[in-house]
Amino acid sequence: MSQSADRPKGGVGDGFRGWWNAQSRPAQWAFGAPFILFIALLPILNIPLLTTVGTNFGGVMAQFGAYALIAIGLNVVVGQAGLLDLGYVGFYAVGAYTVALLTSPDSPWNQTGPDGWLSKDWAWLAALPIAVAVTAMSGLILGSPTLRLRGDYLAIVTLGFGEIVRLLADNLEEITGGGRGLSQVAYPRVGVSEEFPLGVFSSGNVGKTLNVYVWWYWLTIFLIVVVLLFVGNLERSRVGRAWVAIREDEDAAEIMGVPTFKFKLWAFVIGASIGGLSGALYAGLVQFVVPTGFNVINSVLFLCAVVLGGQGNKLGVILGAFIIVYLPNFFLGRQDILGVPINGDEIAQYKYLFFGLALMVLMIFRPQGLIPVRQKLLAYGRELFVAARKRSQREQAGGES
Amino acid sequence: MSRDSESPHDPGGFEAGAEVGEEYRSMSEDAFDNPVGPMIEDVAVVVDVADVHPELANPEVVAEIVAPTRDIGTEVGKPLVELREVTVQFGGLTALDHVTFDIRRGEILGLIGPNGAGKTTCFNAMTGVYRPTSGTVTFDGQVLGPLKRNQITRLGVARTFQNIRLFSEMTALENVVVGTDARHKTSVPGALFRSPRHRHEERDAIDRGMALLEFVGVGGRATEKARNLPYGDQRRLEIARALATEPKLLCLDEPAAGFNPAEKAALMDLIRKIRSDGYTVLLIEHDMRLVMGVTDRIVVLEFGKKIADGLPAEIRDNPAVIAAYLGVPDDATA
């Protein structure tokens, strides 16, 4: 019996992963697409117990979408390249403020007025790529001096960056409106009908199951799928391998010919642009941007989602984001679970305490996160894994009979 | 005599002299005749490479894929690397003191010396880990001084590490493909949109990577995480990863550390195979039997200075080298 078969198997998770990796690309889509559809339809299916009672379930899911996007972006930086970024909320803020500054009537740089170059209907959509580009630039500006630092030093500098962005937003009153924030931010004006004179994405579309939040949630899911495809392409390329190599052993990576600084900077820029994308979504969703939304605790929550779900695993961090957003809202306003009376509001209030406890327990029993990472770093060569899997299955079958 | 007790090498092997050649040969034959030898035993074949890549069943094809394809400016036999008066200082400590030697293209050069003699420092000065305090390293006609480490690798200097430094969470094949990436040009835009060049490079990397794994003998474990490989396979994988960067010079830092005699014999065969495939090899090793058996020329360092340079037979009889390793007898100093 060979060593590989003697080693204890990872259980259901590894079994599923092995099965999934052995499927061809079209087959993966055939299984994946209905699953994505199911996730997308969750807010309108109104499944009992799953649906939140204290807040609108669509709203919770829209927030989950925004967090999931952030977690994917932060995962590139922290999970893949191994660069601890404690100021990620800064990029989120830059994205949100870019959209707000360009489209809010309160902003001195508003471009949606009569003299502006943004059409009222398409302002949000046009501001989106600008927001992503501006955040990418901010990632470049933050990264180029700081990525020469490693580990703890980098974490402290990024922490400072997050705070600088928030303090700037708070104090540049003439531009950002300071603590009053910027209101009436543009949103995509589509689906205009008699019932919704401002389109389905407007905040007037409330009160029903298919409300404004669900529309935003669907838009976010679409963007998540696009971002996941791009990030997946990067992962299965020289870029993704360079990131993992840097994470594993930066010196060895450099000696093996990896231009480490360049790829660390790329990780920062890509992570930043995804964060900016999420910020732009958020600005459009709430149509109102204030500095208090970008506290350092948010950075910690984002990081919590990544660590909880499994650093480096794209699907894991989405699960992490779901837990971070959904669990407090699940308890909010809930009086009982399956007949057992609870004080849900109280539990939701202590969410940071419970997240802290959960992280500690996780670090003791499952430090690699809920769904541990197993990146695929090669674009081709699937046949090897299929052969290895068949072989180990055959050996297992032979050993059992 | 005090230094002798500090160095883990085997002075007996050093003294063994003429019969060294036959000794390793018979050992390596043992390893092949005896399939349950210690090296073979821990190889659990996970993938039958011949199933997936039938062409790799032929060692000649493998060797051909692995062979370097790059133009080397230096002719065979001429100095590929020239170290001139290289000095490396750490604060007040002089780790290398005006060391001068050449590595000729196509040879296997041994770099030996007692512990702390500066062998690894010499390596690090060549691969850009340390900048020489003074002196120059010229590689294939180019001075390495101001270059970054990854640029030096792209120029064609590859190395392995004394203490294994694989990317442990990656599979064996992915480790090797990181090496091949040193020659690739795709960056983020190409990878994002899966450009034709990216796809071509990816396919190429996997083909070459598999050939390299077969070449060093770990092809069957291509899909296993590097940290799950047995120790010997990890060392071989490091060599494959270094070869993947298509080096003009391969530097091996104590590749036989922790090996048993049969594994050492197999490693000697591998080093020879690498050389006959067209690579130049610089070898740091403590095991005298291995060094004497496999190298064409040897440079000896002691306390950061070069004390000898010559053919293995000359080195073996060199009084300065014997003194460095075994110490000077008390009656001689008295």
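Residues numbered from 1 in each chain as written. Chains lettered and ligands numbered in written order. Predicted model: local features only at pLDDT ≥ 70, side-chain atom pairs only at ≥ 80, totals over all residues.

1. Thoughts on the overall build of chain A
If you tally the helices and strands in chain A, you get 17 helices and four strands. Relative to the globule expectation of 21 Å for 401 residues, the C-alpha radius of gyration of chain A, 23 Å, shows essentially globular dimensions. The dimensions of chain A, computed from C-alpha atoms along their principal axes, are 75 × 55 × 40 Å. Among the 401 residues that make up chain A, the fraction classed as buried is 47%. Expressed as a percentage of contacts within chain A between residues at least 6 apart in sequence, the contacts between residues at least 24 apart total 75%. (Helix = DSSP H or I, 4+ residues; strand = E, 2+ residues; numbered from the N terminus. Rg over C-alpha atoms; globule rule 2.2 N^0.38 Å. Buried ≥ 20, exposed ≤ 12 C-beta atoms within 10 Å, placed from the backbone. Contact = placed C-beta atoms within 7 Å.)

2. Points about the packing of helix α10 (residues 238-248) of chain A against helix α9 (residues 172-181) of chain B
Helix-helix packing is characterised by the crossing angle of the two axes and by the distance between the axes. Two elements in contact, α10 of chain A and α9 of chain B, have axes whose closest approach is 10 Å; the angle formed by their N-to-C orientations is 110 degrees. Accordingly, the angle class assigned to the pair α10 of chain A and α9 of chain B is roughly perpendicular. For α10 of chain A against α9 of chain B, the interelement crossing comes out left-handed. For the pair α10 of chain A and α9 of chain B, the contacting residues are R238, R241, A242 and A245 of chain A in the first and E174, V177, V178 and D181 of chain B in the second. Of the residues belonging to the contact of α10 of chain A with α9 of chain B, the class tally is four nonpolar, no polar and four charged. (Axes fitted to C-alpha atoms, helices over the stretch in contact; angles between N-to-C directions. Parallel < 35°, antiparallel > 145°, perpendicular 65-115°, else oblique. Left-handed = near helix turned anticlockwise from the far one by under 90°. Nonpolar A, V, L, I, M, F, W, Y, C, P; charged D, E, K, R; others polar.)

3. Re unusual backbone geometry
What is expected of a backbone is that most residues other than glycine have negative phi and most peptide bonds are trans. Residues and elements named next belong to chain B. Not every positive phi belongs to a glycine, and D140 is a case in point at roughly 50 degrees. Tracing the sequence through the fold places D140 in the loop between β4 (134-139) and β5 (142-143). A count of 21 C-beta atoms within 10 Å places D140 in the buried class. Even without glycine at this site, E246 takes up a positive phi of about 50 degrees. The topology assignment puts E246 in the loop between α12 (231-244) and β7 (249-253).

4. Some points on the sheet that holds strand β10 (residues 305-310) of chain B
Residues and elements named next belong to chain B. Taken together, six strands build an open sheet; the order of strands is β6-β7-β8-β3-β9-β10 and the sheet is mixed. Edge positions in the open sheet fall to β6 (157-159) and β10, since each of these has one partner strand only. Taking each pair of neighbouring strands and ignoring which way they run, the sheet shows an average axis angle of 20 degrees. Across four bridges, the pairing between strand β3 (residues 108-112) and strand β9 (residues 297-302) is parallel. Looking across to β9, one finds that I112 is bridged to V300. Its contacts with the sheet place helix α13 (residues 261-276) against β3, β7 and β8 (280-284), and it is angled at close to 150 degrees to β8. Contacts between helix α16 (residues 319-326) and the sheet are confined to β9 and β10, with β10 contributing the most and set at about 130 degrees to the helix. (Pairing = 2+ DSSP bridges.)

5. Digging into the nonpolar core
The biggest cluster of nonpolar side chains holds 200 residues, and the ones touching the most others in it are A71, A305 and A321 of chain A. Ranked by residues supplied to this core, first place goes to helix α4 (residues 57-80) of chain A with 16 residues. Viewed by domain, this core spans two of them, domain 1 (1-35 + 72-156 + 247-257 + 280-334) and domain 2 (40-66 + 165-246) of chain B, each represented by three or more residues. (Core = buried A, V, L, I, M, F, W, Y, C linked by C-beta atoms within 7 Å. Domains from an automatic or database assignment.)

6. A few points about the interface of chain A and chain B
With 35 residues of chain A in contact, the opposing surface of chain B contributes 42 residues. For the side of chain A that touches chain B, the secondary-structure elements that each account for two or more residues are α1 (3-6), α9 (212-235), α10, α11 (250-255) and α17 (382-400) of chain A. Grouping the constituent residues of the side of chain A that touches chain B by class yields 20 nonpolar, eight polar and seven charged.

7. Points about the sheet that holds strand β1 (residues 79-90) of chain B
Residue and element names in this part refer to chain B. Taken together, the four strands give an open sheet; going across it, the order is β2-β1-β4-β5, and neighbouring strands pair in antiparallel fashion. At either end of the open sheet lies a strand with only one pairing partner, and these are β2 (93-104) and β5. Relative to β5, β4 is paired through two bridges, and the arrangement is antiparallel. Looking at the pairing, F139 lines up with Q142 of β5. In this fold helix α7 (residues 119-127) packs onto β1, β2 and β4, with an angle of close to 65 degrees to the strand it touches most, β2.

That is the geometry; function is a separate question.
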